Amino acid sequence: MKDDKQQDNLTREDYQRIKQAEADQFTQRDRKRVQVENDYARTHDEYLQPDSTEEPNIRSTAERKSRNLGKRLNWVILGLIVAIVIVYLILFFVK
């Protein structure tokens, strides 16, 4: 209730100043978070050992997953084409 009464008494300039201060605080926290994440990634990246079975040009998990999904989809398409050919042959030769 107190916040509602305080907000009713605020002028537009006060309200904009408060919102700008909140936005600045958020930006500052976000910059700090990004900096901490980058520092963490830099320090822990040294300890990762590269996997010898993985191709060197594929680094991220998303790329690896999409490549694996592409392979599976190719096999599914090949299986469907074979199934369509088999059905066509059965329909053509069976009277």
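The rules behind the values
Residues numbered from 1 in each chain as written. Predicted model: local features only at pLDDT ≥ 70, side-chain atom pairs only at ≥ 80, totals over all residues. Heavy atoms only, no water. Helix = DSSP H or I, 4+ residues; strand = E, 2+ residues; numbered from the N terminus. Buried < 20%, exposed > 50% of the residue type's maximum accessible area, 1.4 Å probe, protein only. Areas by Shrake-Rupley, 256 points an atom, 1.4 Å probe, with all protein chains shown as cover. Salt bridge = Lys/Arg side-chain N within 4 Å of Asp/Glu carboxyl O. Phe/Tyr/Trp six-rings, centres within 6.5 Å; stacked < 30°, edge-to-face > 60°. pLDDT = per-residue confidence, 0-100.

A.B. asks: Pulling in residues and values, what's your account of the overall build of the protein?
C.D. replies: For the protein, the helix and strand inventory stands at three helices and zero strands. In sequence order, the secondary structure elements of the protein are arranged as α-α-α. Among the 95 residues that make up the protein, the fraction classed as buried is 1%. Split by element, the accessible area of the protein, about 9,700 Å² in all, is 58% carbon and sulfur.

A.B. asks: Give a detailed account of the pattern of salt bridges, specifying residues and quantitative values.
C.D. replies: Taken as a whole and judged by the stated rule, the model has five salt bridges. Among the ionic pairs, Arg 42 bridges to Asp 39, the shortest N-O distance being 3.0 Å. Residue Arg 42 and its partner Asp 39 are located together in helix α2 (residues 12-45), separated by three residues, close to a single helical turn.

A.B. asks: Tell me about the packing of aromatic side chains, and name the residues and values.
C.D. replies: Tallied over the full model, the rule gives two aromatic pairs. Plain terms: the ring middles of Tyr 88 and Phe 92 are 6.1 Å apart, the flat faces sit at 20° to each other, and that makes the pair stacked. Linking Tyr 88 with Phe 92, this pair stays in helix α3 (residues 61-93), spanning four residues, or about one helical turn. Taken as a pair, Tyr 88 and Phe 92 share a single burial class, namely exposed. Considering the side-chain rings of Phe 92 and Phe 93, the 5.0 Å spacing of their centres and the 80° angle between planes classify their relative orientation as edge-to-face. Both residues of the pair, Phe 92 and Phe 93, count as exposed.

A.B. asks: Can you explain the confidence of the model for the protein? Please cite residues and give values.
C.D. replies: Across the protein, the average pLDDT comes to 84, with 77% of residues at 70 or higher. Per-residue pLDDT, averaged within each element of the protein, yields its smallest value for helix α1 (residues 2-8) (61) and its largest for α3 (94).

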